[in-house]
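# What the coordinates show
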Amino acid sequence: MRDRRVAELLRAEIANVILIGVKDPKVKDVVITGVEISKDLSSAKVFFSTYNKSAKEGIEKGLNRSAGFIKHCIIKNLTIKKVPDLRFIYDDSSDYGQKIDDVLKTINHEQ
């Protein structure tokens, strides 16, 4: 339960820091879709999505380069005892959902 609250708090704060604090224009086009935190709060996987699918690898690298800065901003802005190390991972669930949607449309057109 506590993990979920901390994860949601981190998700909102990371999105805010990216929107306001990160200067790299490559990482401005992202949506933070979720955060998974380890039990000991030492690390967090931060999942993101982007409309710019062709640049997702570059965006992921840019976010991971900015992870230290983002963590520093979170430490300044939130009053939690421990802020985990952040690792950004592209969330492909929307891509998967789109593929399923396309398959269902194809099946409907064939009938």
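Fair warning: this is a prediction, and the values are worked out from it, not measured in the lab.

Quick look at the packing of aromatic side chains now. Under the defined criterion, the tally for this structure stands at one aromatic pair. Ring geometry for Phe-48 and Tyr-90: centres 5.7 Å apart, planes at 70°, overall edge-to-face. Of the two residues, Phe-48 sits in strand β2 (residues 43-50) while Tyr-90 sits in strand β3 (residues 85-90), which places them 42 residues apart along the sequence. Summarising the burial analysis for this pair, Phe-48 and Tyr-90 share the class buried.

To continue, consider the pattern of salt bridges. Once the charged atoms of two side chains with opposite charge are near each other, the side chains can pair. Applying the stated criterion to the full structure yields two salt bridges. Residues Arg-11 and Glu-8 are paired through a salt bridge, measuring 2.8 Å at the closest nitrogen-oxygen approach. Taken together, the positions of Arg-11 and Glu-8, both in helix α1 (residues 2-20) and three residues apart, correspond to about one turn of that helix. For Arg-11, a relative accessible area of 25% gives the class partly exposed. Residue classification places Glu-8 among the partly exposed positions, given a relative accessible area of 42%. With a closest N to O distance of 2.7 Å, Asp-85 and Lys-71 form a salt bridge. Here the residue Asp-85 occupies a position in strand β3, and Lys-71 occupies one in helix α3 (residues 67-77), the gap between them amounting to 14 residues.

Below, the discussion takes up the sheet that holds strand β1 (residues 30-37). The three strands are arranged β1-β2-β3 in an open sheet whose pairing can be described as mixed. Every interior strand has two partners, whereas the edge strands, β1 and β3, have only one. With direction set aside, neighbouring strand axes in the sheet form an average angle of 30°. Bridge analysis of β2 against β3 gives six bridges, and the strand direction is parallel. Directly across from Ala-44, in β3, lies its bridge partner Leu-86. Strands β1, β2 and β3 of the sheet are contacted by helix α2 (residues 56-65), whose axis makes an angle of about 175° with β3.

Cut-offs applied
Residues numbered from 1 in each chain as written. Predicted model: local features only at pLDDT ≥ 70, side-chain atom pairs only at ≥ 80, totals over all residues. Heavy atoms only, no water. Phe/Tyr/Trp six-rings, centres within 6.5 Å; stacked < 30°, edge-to-face > 60°. Helix = DSSP H or I, 4+ residues; strand = E, 2+ residues; numbered from the N terminus. Buried < 20%, exposed > 50% of the residue type's maximum accessible area, 1.4 Å probe, protein only. Salt bridge = Lys/Arg side-chain N within 4 Å of Asp/Glu carboxyl O. Pairing = 2+ DSSP bridges. Axes fitted to C-alpha atoms, helices over the stretch in contact; angles between N-to-C directions. Contact = heavy atoms within 4.5 Å.

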